[in-house]
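Structural description and commentary
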Number of protein chains: 2
Amino acid sequence: MTEPRNALYAQSGGVTAVINATACGVIQECRAHPNLVKNVLAANNGIVGILKEELFDTSLEMESEIEKLRSTPGGAFGSCRFKLKAPSTTDTVARRIFDVFKAHDVGYFFYNGGGDSQDTTNKISTLSKEFSYPLHCIGIPKTVDNDLANTDTCPGFGSVAKYVAVSVQEAGLDVRSMSETSTKVFILEVMGRHAGWIAASGGLAGNAESEPPHIILFPEIAFHEEKFLSKVEESVARYRHCVVVASEGVRDDEGRFLSDSGKTDSFGHKQLGGVAQDLAQLVTQKLQYKVHFAIADYLQRSARHIASQTDVDQAYAVGKTAVVSALSGNTEQMVTIERLQDEPYRWRVGTTPIGNVANVERKLPRSYITEDGFSITANARRYLEPLIQGEAYPQYVSGRPDYVRLKNKLVSRKLPEFELD
Amino acid sequence: MTEPRNALYAQSGGVTAVINATACGVIQECRAHPNLVKNVLAANNGIVGILKEELFDTSLEMESEIEKLRSTPGGAFGSCRFKLKAPSTTDTVARRIFDVFKAHDVGYFFYNGGGDSQDTTNKISTLSKEFSYPLHCIGIPKTVDNDLANTDTCPGFGSVAKYVAVSVQEAGLDVRSMSETSTKVFILEVMGRHAGWIAASGGLAGNAESEPPHIILFPEIAFHEEKFLSKVEESVARYRHCVVVASEGVRDDEGRFLSDSGKTDSFGHKQLGGVAQDLAQLVTQKLQYKVHFAIADYLQRSARHIASQTDVDQAYAVGKTAVVSALSGNTEQMVTIERLQDEPYRWRVGTTPIGNVANVERKLPRSYITEDGFSITANARRYLEPLIQGEAYPQYVSGRPDYVRLKNKLVSRKLPEFELD
């Protein structure tokens, strides 16, 4: 019989409406195995909190508070964007991570994030072998971009998809009402830097060609000004209005983002935003239609109030399964969602070697986009529809969702301070 | 015993998440009085549909479809922005309106709109006397801007208020999670051209000073760049992040809109949009924080999925009461909401002479804004909180709201065509 050790859970990258449901799954499953897990520590702001030795003691959180994580958006422990260098046992950052693991007897490490974060999980797995440090290191998927390889979907995406589909449906009814004497074109800018999954989900808003969205602009399809404008004109002529869903990552045929602010984030990715305004200006100038535009930005990925029940269930399940897998002795894995059947939708949780996931980006298949490049196909619909099923309403108090704020008390430091660049 | 006559209902101005709940109230109440009301005609696109003699026959819509209007956003019959000239019996537009009323035996006219639209209701009331045409002409309030005089609130506002409060709360949790290594400032641009009611509702997102929003920018308070930037800096220093709610109508101390596109709508109002981007650029340049921004635009006023139950109830009630009032012989009135008590909130429906409402704009009282101009006071909270109470979820089918699309069959024309400029 082995001695129980601590589990360490951390959130990384852009947060979602359901990443805390995963945290809930991890913590509840760990608590169910006191013979194997002493306590769940949670890093303050992902890997950065590990380096700073800022670890929250989740044992101080009541069961009822942990349960509320299931319906609270954002990252309850804080997240980060931080890229780990190539694994090397002489690297000071790498050594620090394992010093902290050792000082706090971390035997299970769960890193909850997207592609860049799973690269971190992979490197930590590798380092644990090189340091000969006994660690069960499991990646847990999370990304609204839905671009992780080897999983049918990524927790966080289904809820954004539902938010975007519902928003397009609703704003579509609005602009249709206004189109006789006022606004004829409405543009919604959505996330998805390199992959058009979120933009595609806007296509679920309507069932007929006449229903919004009339145009989807995917990052996978090069933007042609004339084709776009003529499609807008055609839609206004036929339906008196035109609803456009534009990915923030729309680019021209030379691969340049339509709206390139020139700034980059800490992973070196271009920081985008504002394509909707550019498109609005284009339509106003060239076609003289009155245009309105919205930029959903963080609203789309934090909208827990309109989360998909399917997504919440999957987010919770990957957390639970990560623990089950680690406690069974596994390491170097990422938990996955496997689709068993489209309709009625059936899924289960699986695992994949972490090396198969890190830094691989899954684009929207061309077969999900119609030939003209402006809509989604029946294939796409078959894939996307199950992911937005079910409403997972949070509790409300005084008209607002009753989201939990944890105590987040740090455990005592055991190591000297560490200088982060 | 008088012969039953037709009722004519029309929607005007920017539509809302609950204007159809008002339509539902009007139609259901008319149907309950077949001895007084033959049929409810609904104008296609407001007053424009009256001029074009495009009138929908609502008797062809099933009771179950009419009931679904209660939970369907947008304007089910279409809306318009159209300003009527000063009432004159020689004006061709004025004559046409009454030709259409006469041809279709319209005895009850219900115009559902905001300040500009109630000006139209007022003019039509005046014209009916000058033409000696027997008409019961009742205005029904509707505006997300909440700026109508002589009513405690305006149907449509409470649901936007709830949307904005919930969105700020959710996005606030998101940016807080990201603030350690990434986004520190989040800006949400909301509607409210001249009055800060919607911006103020963002203040309901949090209860403590540390909770979002940390800054609200009202159109009523002149924008000072330095004060704003120092408040952003202070918030980031104290809470590591800063959430800003910015009204589209933010202006400088000379009354110039911060973001003036130079365009105007058909009422001559400036068409705004993009203040969030300007503010984001300002913060990035001056303070070097990473900033994200969202522009809610039509999403906020069409978000029936997160409508306030209070708002839906009031929208329905003003529709019903308009009919009750007209059938009792009244005219030249607008229906109002009267507040009887703040907590527990109690309200009833009343009426006011239409002349008291037309073209009067109600601004946010200075006592609702804190001395520094960046937050709401306890007074504001007492006023606003009741308006976002209750969740009025629509029915969902396949993961999306089951919004109704009416048949909207036109009644036969009885008049020659009319040339609209």
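Residues numbered from 1 in each chain as written. Chains lettered and ligands numbered in written order. Predicted model: local features only at pLDDT ≥ 70, side-chain atom pairs only at ≥ 80, totals over all residues. Heavy atoms only, no water.

The subject of this paragraph is the pattern of salt bridges. Overall, the coordinates contain 50 salt bridges over all chains when judged by the stated rule. The salt bridge partner of Asp-152 of chain A is Arg-339 of chain A, with a shortest N-O separation of 2.9 Å. Taken together, the positions of Asp-152 of chain A in the loop between β5 (136–141) and α6 (157–178) and Arg-339 of chain A in strand β12 (residues 333–341) put the pair 187 residues apart, joining distant regions of the chain. With a relative accessible area of 19%, Arg-339 of chain A lands in the buried category. For Lys-83 of chain B, the salt bridge is made with Asp-116 of chain B, and the minimal N-O distance between the two is 3.5 Å. Of this pair, Lys-83 of chain B sits in the loop between α3 (63–68) and α4 (92–103) while Asp-116 of chain B is found in helix α5 (residues 115–130), placing the two residues 33 residues apart along the sequence. Using a relative accessible area of 39% as the deciding quantity, one classes Lys-83 of chain B as partly exposed. When salt bridges with common partners are traced through the structure, they connect Lys-83, Asp-116, Asp-119 and Lys-123 of chain A into a single cluster. (Salt bridge = Lys/Arg side-chain N within 4 Å of Asp/Glu carboxyl O. Helix = DSSP H or I, 4+ residues; strand = E, 2+ residues; numbered from the N terminus. Buried < 20%, exposed > 50% of the residue type's maximum accessible area, 1.4 Å probe, protein only.)

One pass over the structure, following the stated rule, counts 27 aromatic pairs over all chains. With centroids separated by 5.3 Å and ring planes inclined at 50°, the aromatic side chains of Phe-223 of chain B and Phe-228 of chain B adopt a geometry described as tilted. Of the two residues examined, Phe-223 of chain B and Phe-228 of chain B, each falls in the buried class. Each residue in the set Phe-98, Phe-101, Phe-109, Tyr-111, Phe-131 and Tyr-133 of chain A is aromatic and connected to the rest through ring pairs, giving one cluster. Sitting above the plane of the Tyr-316 of chain A ring, Arg-70 of chain A keeps its charged end 3.9 Å from the centroid. (Phe/Tyr/Trp six-rings, centres within 6.5 Å; stacked < 30°, edge-to-face > 60°. Lys NZ or Arg CZ within 6 Å of the ring centre and 35° of its normal.)

In screw terms, the move from chain A to chain B is a rotation of 180° and a rise of 0.0 Å along the axis, fitting with an RMSD of 0.0 Å. Look at the turn and shift together and you get a two-fold axis relating the two. Within chain A, the C-alpha atom positioned nearest to the axis of rotation is that of Ile-295 of chain A, 2.4 Å from it. When the interface residues of chain A are mapped onto chain B, 100% of them are again interface residues, pointing to one common binding face. (Least-squares fit on C-alpha atoms with pLDDT ≥ 70 in both. Contact = heavy atoms within 4.5 Å.)

All names here are of chain B. Compared with an ideal rise of 1.5 Å per residue, which puts 15 residues at 21 Å, helix α8 (residues 225–239) spans 21 Å between its outermost C-alpha atoms and is within 8% of the ideal. The set of residues buried in α8 consists of Phe-228, Leu-229, Lys-231, Val-232, Ser-235 and Val-236. Along α8, the residues classed as buried sweep out an arc of 160° about the axis, all on the same side. Projecting away from the buried face of α8 at angles above 90 degrees are the exposed residues Glu-226, Lys-227 and Ala-237. Residues of α8 that are buried make contact with β6 (185–190), β7 (215–217), β8 (242–247) and α9 (275–287). After α8 finishes, the residue Arg-240 shows a positive phi value of roughly 70°. (Expected span 1.5 Å × (residues − 1). Arc of directions from axis to C-beta.)

A separate point is the side chain of Asp-252 of chain A. Residue and element names in this part refer to chain A. With respect to the helices and strands, the residue Asp-252 is situated in the loop between β8 (242–247) and β9 (260–264). Residue Asp-252 is classed as buried on the basis of its relative accessible area of 18%. Within the local environment of Asp-252, its side chain forms a polar contact with the backbone nitrogen of Glu-254, the two atoms lying 2.9 Å apart. With near-sequence residues (within four places) excluded, Asp-252 lies in contact with Ala-222, Phe-223 and Leu-258. (Polar contact = N/O pair within 3.5 Å; in protein donor to acceptor, adjacent residues only side chain to side chain.)

What follows deals with the pairing of strand β1 (residues 5–11) of chain B. All names here are of chain B. In terms of burial, β1 is largely enclosed, as seven of its seven residues are buried. Here β1 pairs with strand β2 (residues 37–43) via four bridges, running parallel. Counterpart to Leu-8 in the pairing with β2 is Leu-41. With helix α1 (residues 19–31) bridging β1 and the parallel β2, this β-α-β connection has right-handed handedness. The sheet contact formed by β1 and strand β4 (residues 106–113) spans six bridges and is parallel. By the bridge assignment, Leu-8 is partnered in β4 with Phe-109. (Pairing = 2+ DSSP bridges. Right-handed = clockwise from strand over helix to strand, strands pointing away.)

Attention now goes to the interface of chain A and chain B. Every contact between the two is made by 74 residues of chain A and, on the other side, 74 residues of chain B. Carbon and sulfur atoms make up 52% of the surface buried where chain A meets chain B, a total of about 6,100 Å² over both sides. Its largest share of buried area at the contact with chain B, chain A owes to Glu-170, Tyr-298 and Arg-400 of chain A, together 12% of the area lost on that side. Applying the counting criterion to the chain A and chain B interface returns four salt bridges. For the pair chain A and chain B, the interface holds 36 residue pairs in polar contact (both at pLDDT 80 or more). Only α6, β6 (185–190), α9 (275–287), β11 (291–295), α10 (297–302) and β15 (400–401) of chain A provide two or more residues apiece to the side of chain A that touches chain B. A breakdown of the residues in the side of chain A that touches chain B according to their chemical character gives 29 nonpolar, 28 polar and 17 charged. (Buried area = accessible area lost by both parts, 1.4 Å probe. Nonpolar A, V, L, I, M, F, W, Y, C, P; charged D, E, K, R; others polar.)

Attention shifts here to the confidence of the model for chain A. Summarising the model, chain A shows a mean pLDDT of 95, and 97% of its residues fall at 70 or more. Across the predicted assembly, pTM comes out at 0.96 and ipTM at 0.96. (pLDDT = per-residue confidence, 0-100.)

Residues and elements named next belong to chain B. With five of its six residues buried, strand β5 (residues 136–141) lies for the most part within the structure. Strand direction decides the pairing type here: β4 and β5, joined by six bridges, are parallel. Note on β5: the bridge partner recorded for Phe-110 is Ile-138. Handedness of the β-α-β unit built from β4, α5 and β5 comes out right-handed. When β5 meets strand β12 (residues 333–341), the two strands line up parallel, connected through two bridges. Note on β12: the bridge partner recorded for Ile-138 is Gln-333.

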